[in-house]
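Chain by chain, the residues:
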Amino acid sequence: MENPICLPGQRLSICDNVYTCGQGTYQRQGYIYSMLAGTVDLVDRNGVKVIEVHSTGEQTVISTQGDIVTAQVYIITQQFAKCYIKCIGSTVLRSPYRGLIRRENIRATEKDKTEVFKSLRPGDIVLARVLPMTEAHSYQLSTAENELGVVIAHSEHGYPMVPVSWTEMQCPKTLVKEPRKVAKIIPENIDTGGIVVDS
C-alpha cells in the first residue's frame, strides 16, 4: 500500500486468503476498511498478511456495526433525527461522532406510521444500535428494539421526565405527557428469573 495514512471508513484492501483484518480494521462485503484515522501496518503471520491500523491521535475508539451507542439528538426533521454519538458501549468519546436515525429505523413495527417528532426530540439522550456503514463518516443508527430508544428526556419546562409507558414520558412537575420511543431498560441488579420481558 503506497499511502500508510488512512481515515475511518477508508477501504484498504480486498479480504481474501492473502490479506485479512487486524487491529483497527473491519471487513465488509469482501473488503477491509479502516476503523481509525492512523497509519496502516502490514504484519506477516504464517504467510497471511494482516492489515492493522494504529491511531496517530488520542481517540482510538470508533463504532462498528452492531455496537450499542449513547447519542444526543440535536436536529429532527420529518424523515430523520441527527445526533451526536457520545459513548460507544461504556467508553466515553473525547469528541463525538455524527449519527443519523432515519424514520424507518426508529421502531420495529408500523414503520410507515412512525413520526419522528412523536418519538425523538432535540436534547434527548438515546441508546441506539449502529447499522452497517453505507458511506464513510456517516453512522446510521437504529432504535428499533425494545431496549433501545430514549433514556433521558427533559420537558419543555426543563424538568427530567419519567417514562410512564413505552410511548410516553411525563414531566413530574407539570404532569404533562409527551410522546417518545422509550427504551425498555432492565436494571442490572434485578433478576428476571429467566423471564423474557416484552412489550
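Please read these numbers as outputs of a predicted model, since none were measured by experiment.

*Asks:* How would you sum up the UniProt feature "domain: Exosome complex component N-terminal" (unreviewed entry) in the protein chain? Please name residues and give values.
*Replies:* As recorded in UniProt, the feature "domain: Exosome complex component N-terminal" (unreviewed entry) lies at residues 5-42. With 0% helix and 58% strand, the stretch residues 5-42 has end C-alpha atoms that lie 13 Å from each other.

*Asks:* Go over the layout of surface pockets with me, naming the residues and quoting the values.
*Replies:* Taken as a whole, the largest pocket holds about 280 Å³ of empty space. Forming the walls of the largest pocket are 15 residues, and the residues nearest its centre are Arg107, Ala108, Thr109, Asn146 and Lys181.

*Asks:* A description of the UniProt feature "domain: Exosome complex component CSL4 C-terminal" (unreviewed entry) in the protein chain should follow, citing residues and the corresponding values.
*Replies:* Look at the UniProt record and you will see "domain: Exosome complex component CSL4 C-terminal" (unreviewed entry) annotated at residues 95-131. Counting secondary structure, residues 95-131 comes out at 0% helix and 38% strand; the distance between its end C-alpha atoms is 20 Å.

*Asks:* Before we move on, can you summarise the nonpolar core with the specific residues and values?
*Replies:* Taken as a class, soluble globular proteins show a tendency for nonpolar side chains to be buried jointly. If you look at the biggest cluster of nonpolar residues, it comprises 35 residues, and the most contacted ones within it are Val69, Ile85, Ile101, Leu120, Val126, Tyr139 and Leu141. Breaking this core down by element, the ones donating at least two residues are strand E5 (31-34), strand E7 (48-55), strand E8 (68-76), strand E9 (80-88), strand E10 (91-102), strand E11 (125-130) and strand E12 (139-142). Counting contributing residues per domain, this core is built from domain 1 (5-55) and domain 2 (67-179), each supplying no fewer than three. In this structure leucine 120 touches Val73, Ile76, Ala81, Ile101, Ile106, Val126 and Val150, once residues within four positions along its chain are discounted.

*Asks:* Just give me the short version of the confidence of the model for the protein chain, but keep the residues and values in it.
*Replies:* Averaged over every residue, the pLDDT of the protein chain is 82; residues scoring 70 or more account for 85%. No element of the protein chain has a lower mean pLDDT than strand E1 (residues 5-6), which averages 77, and none a higher one than strand E15 (residues 168-170), which averages 95. Counting contacts from residues 188-199, a segment whose pLDDT is below 50, to residues more than four positions away or on other chains yields ten contacts.

*Asks:* Break down the sheet that holds strand E4 (residues 25-28) for me, with residues and values.
*Replies:* Spatial ordering of the open sheet is given by E2-E5-E4, a layout of three strands whose pairing is antiparallel. Each having just a single partner strand, strand E2 (11-14) and E4 make up the two edges of the open sheet. Averaged over all pairs of adjacent strands, the angle between their axes in this sheet comes to 30°, without regard to strand direction. In this sheet, E5 lies alongside E4 in antiparallel orientation, the contact comprising four bridges. Within the sheet, the bridge partner assigned to glutamine 27 lies in E5 and is isoleucine 32.

*Asks:* Just give me the short version of the sheet that holds strand E3 (residues 19-21), but keep the residues and values in it.
*Replies:* Across the sheet, which stays open at both edges, the four strands sit in the order E1-E6-E7-E3 with mixed pairing between neighbours. Because the sheet does not close on itself, it has two edges, and the strands there are E1 and E3. Where E1 and strand E6 (residues 38-45) come together, two bridges link them in antiparallel fashion. Following the sheet pairing, isoleucine 5 is matched in E6 by threonine 39.

*Asks:* A description of the pattern of salt bridges should follow, citing residues and the corresponding values.
*Replies:* Scanning all chains against the criterion turns up seven salt bridges. Glutamate 178 is the salt-bridge partner of arginine 121, the closest N and O atoms lying 3.5 Å from each other. Of this pair, arginine 121 sits in the loop between E10 and E11 while glutamate 178 is found in strand E16 (residues 177-179), placing the two residues 57 residues apart along the sequence. Given a relative accessible area of 7%, glutamate 178 falls into the buried group. Aspartate 124 is the salt-bridge partner of arginine 180, the closest N and O atoms lying 2.7 Å from each other.

*Asks:* Describe the side chain of serine 13, with residues and values.
*Replies:* Among the structural elements, serine 13 can be located in strand E2. Given a relative accessible area of 12%, serine 13 falls into the buried group. Once residues within four sequence positions are removed from consideration, serine 13 is found in contact with Tyr19, Tyr31, Ile32 and Ile51.

Cut-offs used in this document
- Residues numbered from 1 in each chain as written.
- Predicted model: local features only at pLDDT ≥ 70, side-chain atom pairs only at ≥ 80, totals over all residues.
- Heavy atoms only, no water.
- UniProt positions renumbered as here; feature names shortened; annotations may be inferred.
- Helix = DSSP H or I, 4+ residues; strand = E, 2+ residues; numbered from the N terminus.
- 1 Å grid on protein atoms, 1.4 Å probe; cavity = no way out; pocket = protein on both sides within 12 Å on 5 of 7 lines; lining within 4 Å.
- Points joined across faces, edges and corners; volume = space filled by probe spheres on them.
- Core = buried A, V, L, I, M, F, W, Y, C linked by side-chain atoms within 4.5 Å.
- Buried < 20%, exposed > 50% of the residue type's maximum accessible area, 1.4 Å probe, protein only.
- Domains from an automatic or database assignment.
- Contact = heavy atoms within 4.5 Å.
- pLDDT = per-residue confidence, 0-100.
- Pairing = 2+ DSSP bridges.
- Axes fitted to C-alpha atoms, helices over the stretch in contact; angles between N-to-C directions.
- Salt bridge = Lys/Arg side-chain N within 4 Å of Asp/Glu carboxyl O.

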